[in-house]
Amino acid sequence: MVPTDGAVAGLLEKVSSALPGGGEHRPGQLEMSERVRAAIDERRHLVVQAGTGTGKSLAYLLAAVQSGRRVVVATATKALQDQLAEKDLPFLAGQPGPRSGFTFAVLKGRSNYLCLQRAAEMEGRGADRQLFEDTTSDDPRKGSDPEGINLGRFGSELRRILEWSEHSASGDRAELDFEPHPKAWAALSVGARECPGAFRCPSGPVCFAERARALAAGSDIVIVNTHLYATHVASDGAVLPDHEVVVFDEAHAVEDVMTSGLGLELAAGRLRAIGVSARGVLGRDDATVVDAVAEVADQLDEVLRPLVGLRVLADGGNSAGEVARVLGLARSRVEALVGRLRRSDADGEADEDGRRPRTLLAAGHLLDDLAKLEAAGEDDVAWVEGAGPSGRLPTLRMAPIEIGPVLAERLWPRVTAVLTSATVPPLLEKTLGLPGSTTDRVDVGSPFPFESCALLYCPTDLPDRRSPGADEAVQRELHGLIAAAGGRTLALFTSWRAMLAAVEALRPALDFAVLAQNDLPKSKLLEAFRAEESSCLFATMSFWQGVDVPGATLSVVAIDRLPFPRPDDPLLEARRHRAGEGAFRTVDLPRAATLLAQGAGRLIRSSSDRGLVAVLDRRLATAGYGRLLRAALPPMPLTTKRQEAMSFLGATRASASDGHAR
Ligand code: SF4
């Protein structure tokens, strides 16, 4: 059961102190580790809120290792996945102890590994097709892959990838020393929907993806991303090795990632790719059956394009019949194509590079998805999203309105789950369908003294955020805060429009550099922000999470308005409709609370940090629901008085200068 001999405490202390930023006393870490271990032993689900600085990954990893069970750890971001695989687990593995010989592996989705079968097919064609010559030619016979991708521009990239694959041990794209163009990588990889499996693939015995699966199947701890875990659930357990325990870190993202993974998407490109792939198998003699698939792909594009942003099928009003008609047509044409491919197989027609089973598999998955779309019922929502650089390539998406019932049936009875985050959404257990009788929740707090090192400021004399002149008032307030803090501000906006307006108004008015999200890629922007202590960074939604800037560079996090979700989001619209009168409290408020806490959580990143969170939307202090939003934030004292905020910033600035002087 739960170890009480001090061994865990000793090990945690040792491990924590040896890691970057370590050496601090982390009271919540031991509690968390023991609770996770108890949950695993007693087979009870556990939700753990663990504030920034707890050291939660080491807490659950240690419990997982000591349990002796196979544990899958699912993370929402690559940064955390890298931290677990490259720092925390190697470190734990090097510690002496009863389970020091444990093993771990990272497992990614199939398309992350080079497909040796596709590589072999391409190498076989390379010599005569000038495939590896860079060319800008539009001539499809020059440098073009027969599965439909014009590769003329990527010849040298393909050659580099193939050369790398000859000595790579993993075939993992992340190990390439350059970032290939997505089209070049797509030509040398396959998704799970196209791979016929090792037994039916000529390259199966040496396949990189299969090797990674085998490695994972022999490991005690398997690290995956949450999306791969969602495909595991959607496939009824076919993707990951058997395991008794799953830990979802960054649990605030689980609902959205599961919704996406348990749903499906269909764009015309998928039909076209199958058509082109089939043409490579059947040759030009069977053009009619292939052309029919390409033609219905055009029809799908046409019917979806005016519906971007709208719900379709069951709730699509007049459009429902038209979309359903095209989907029905697509199904019958793909069925005809599948029939023809099967006959070519039965007749023993040539398929030298084994592309037929891949095409049949992809077509089979497409037929499954078309059938699901046609059968969309009252528990599903279907809508059209814009994709591509111009947002004009329409994609039809479908998802369950609620994922709780799906997970309650397919997941929670089979594994013990630990879900953890610095900001656990208020209704997480209900949203995810966790069974009340076997689920516990614990908040192990944060090691940082928020009561003394941080202040929450919400000026109530600002105009209503929806009234004219509100943007200008927010900009004036922001100007005052930045001046008082000596720059050092991360300003988080809920829209590009508001961010760009603030940059335009404040850049010329401030004595400090103002970096904006559209200036540089995210990593470069954060580098520049860290490098110049007095600089400010203005950004939108993708900076509300995952930004880690400890020290005096960041003394103010300013938030322009409460981050309520858009009222016209089709999926949330369906959820609100289902929730009825309680929709605001069950759909909108928990999302806003979690995102607000994520944004505010950028401020205090180490025990010596000090600073102010300014929420420039008076509803946080004045609205009835403001109390619920404030409860989701770290325990900072609240002030609505400008003078108090300015004095606090003055003191923060002085202590930063003292720090430099010492
Ligand atoms: S088993 Fe699948 S991923 Fe592996 S080489 Fe064959 S087709 Fe590619």
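Structure: see above.
Each residue is numbered by its place in its chain's sequence as written, counting from 1. At least 70 in pLDDT is required for a residue's local features to be given in this predicted model, at least 80 for side-chain atom pairs to be given and counted, and no such filter applies to totals for whole chains, interfaces and linings, which use all residues. With hydrogens and water set aside, each side-chain value is computed from the structure's full complement of heavy atoms.

## What to know about the overall build of the protein chain
Part 1 of the argument: The way it works is that DSSP assigns letters per residue, a run of H or I at least four long becomes a helix, a run of E at least two long becomes a strand, and they are numbered from the N terminus. Along its length, the protein chain carries 25 helices and 20 strands.
Part 2 of the argument: Burial classification: accessible surface area is computed with a 1.4 Å probe over protein chains only, and a residue below 20% of its type maximum counts as buried, one above 50% as exposed, and the rest as partly exposed. Taking all 662 residues of the protein chain together, 51% fall into the buried category.
Part 3 of the argument: Long-range pairs, those at least 24 residues apart, make up 75% of the contacts in the protein chain with a sequence separation of at least 6. Only heavy atoms enter the contact rule, under which two residues are in contact if any of them lie within 4.5 Å.

## Looking at the packing of aromatic side chains
Part 1 of the argument: Aromatic contacts are taken between Phe, Tyr and Trp rings whose centres are within 6.5 Å, Trp giving its six-membered ring; a plane angle under 30 degrees counts as stacked, one over 60 as edge-to-face, and the others as tilted. Considering all chains together, one arrives at nine aromatic pairs under this definition.
Part 2 of the argument: Ring centres of Phe248 and Trp412 lie 6.5 Å apart, and the angle between their planes is 85°; this geometry places the pair in the edge-to-face category. Of this pair, Phe248 sits in strand E7 (residues 245-249) while Trp412 sits in the loop between helix H15 (404-410) and strand E12 (416-421), and the two are 164 residues apart along the sequence. Here Phe248 and Trp412 have matching classes, each one buried.
Part 3 of the argument: Between Phe584 and Tyr625 the ring centres are 5.2 Å apart and the planes differ by 65°, which places this aromatic pair in the edge-to-face class. Taken together, the residues Phe584 in helix H22 (residues 583-600) and Tyr625 in the loop between helix H23 (619-622) and helix H24 (626-631) connect sequence positions 41 residues apart.
Part 4 of the argument: The class of Phe584 is partly exposed, set by a relative accessible area of 32%.
Part 5 of the argument: Ring pairing ties together the aromatic residues Tyr229, Phe248 and Trp412, which thus form one cluster.
Part 6 of the argument: Lying across the ring of Phe178, Arg160 places its NZ or CZ 4.0 Å from the centre. Placement of a positive charge over a ring is assigned whenever Lys NZ or Arg CZ falls within 6 Å of the ring centre and within 35 degrees of the normal to the ring plane.

## A word on the environment of Glu322
Part 1 of the argument: Looking at the element boundaries, Glu322 is found in helix H13 (residues 319-346).
Part 2 of the argument: By relative accessible area, which is 36% here, Glu322 ends up partly exposed.
Part 3 of the argument: Distance from Glu322 to Leu304, taken between C-alpha atoms, is 9.5 Å for residues 18 residues apart in sequence.
Part 4 of the argument: Definition of a polar contact: a pair of N or O atoms within 3.5 Å, with one able to donate and the other able to accept a hydrogen when the atoms are protein atoms, and with sequence-neighbouring residues admitted only if both atoms are side-chain atoms. Within polar-contact distance, the side chain of Glu322 engages the side chain of Arg325 at 3.2 Å.

## A look at the site of the ligand
Part 1 of the argument: Inspection of the region around the ligand gives Arg110, Cys115, Leu116, Gln117, Val190, Cys195, Pro196, Cys201, Ser203 and Cys207 as its neighbouring residues.
Part 2 of the argument: A cavity here means a set of 1 Å grid points, computed over protein atoms only, where a 1.4 Å probe fits but cannot escape. A pocket is an open set with protein on both sides within 12 Å along at least 5 of 7 lines, and lining residues have an atom within 4 Å of a point. Think of it this way: a molecule belongs to a cavity or pocket when more than half its atoms come within 2 Å of the grid points there. More than half of the atoms of the ligand fall within 2 Å of the grid points belonging to the largest cavity.
Part 3 of the argument: Amino acids outside the nonpolar list (Ala, Val, Leu, Ile, Met, Phe, Trp, Tyr, Cys, Pro) and the charged list (Asp, Glu, Lys, Arg) are all regarded as polar, and Gly is one of them. For the shell around the ligand, the per-class residue count stands at seven nonpolar, two polar and one charged. One heavy atom suffices: a residue is near a molecule or strand as soon as one of its heavy atoms comes within 4 Å of it.

## Overview of the nonpolar core
Generally speaking, a soluble globular protein has its nonpolar side chains buried in company with each other.
Part 1 of the argument: Buried residues of nine kinds, namely Ala, Val, Leu, Ile, Met, Phe, Trp, Tyr and Cys, make up a nonpolar core once their side-chain atoms join them within 4.5 Å. Grouped together as the largest cluster of nonpolar side chains are 49 residues, with contacts concentrated most on Tyr229, Phe248 and Met258.
Part 2 of the argument: With residues up to four places along the chain from it excluded, the contact list for Phe248 reads Ala74, Thr226, Tyr229, Val254, Met258, Leu411, Trp412, Val418, Leu419 and Thr420.

## What about helix H2 (residues 27-42)?
Part 1 of the argument: For a helix, the expected span equals 1.5 Å multiplied by the number of residues minus one. Across its 16 residues, H2 extends 23 Å between first and last C-alpha, which sits within 8% of the 22 Å expected from 1.5 Å per residue.
Part 2 of the argument: For H2, every residue scored as buried is listed here: Gly28, Gln29, Met32, Ser33, Val36, Arg37, Ala38, Ala39 and Ile40.
Part 3 of the argument: Just downstream of H2, Arg43 is the residue with a positive phi angle, here 55°.

## Re the packing of helix H18 (residues 470-485) against helix H19 (residues 496-506)
Part 1 of the argument: Fitted lines through C-alpha atoms give the axes, limited to the stretch in contact for helices. The angle between two N-to-C directions lies from 0 to 180 degrees. Between H18 and H19, the shortest axis-to-axis distance is 10 Å and the interhelical angle comes to 55°. By the angle class used here, H18 and H19 are oblique. H18 and H19 meet at a crossing whose hand is right-handed. Where H18 abuts H19, its residues Asp471, Gln475, Leu478 and His479 lie against Arg497, Ala501, Ala502, Ala505 and Leu506. Should an angle fall under 35 degrees it is taken as roughly parallel, and over 145 as roughly antiparallel, whereas 65 to 115 is taken as roughly perpendicular and any remaining angle as oblique. Throughout, a crossing is termed right-handed when the near helix is turned clockwise from the far one, and left-handed when it is turned anticlockwise from it by less than a right angle.

## Considering the pairing of strand E14 (residues 454-457)
A regular strand carries its side chains on alternate faces of the sheet.
Part 1 of the argument: On E14, burial covers both faces: Ala454 and Leu456 on one face and Leu455 and Tyr457 on the other are all buried.
Part 2 of the argument: Sheet topology note: the E14/strand E20 (residues 638-639) ladder contains two bridges and is parallel. From the neighbouring strand, Leu456 faces E20, where its bridge partner is Leu638. Should DSSP find at least two bridges between two strands, the strands are regarded as paired.

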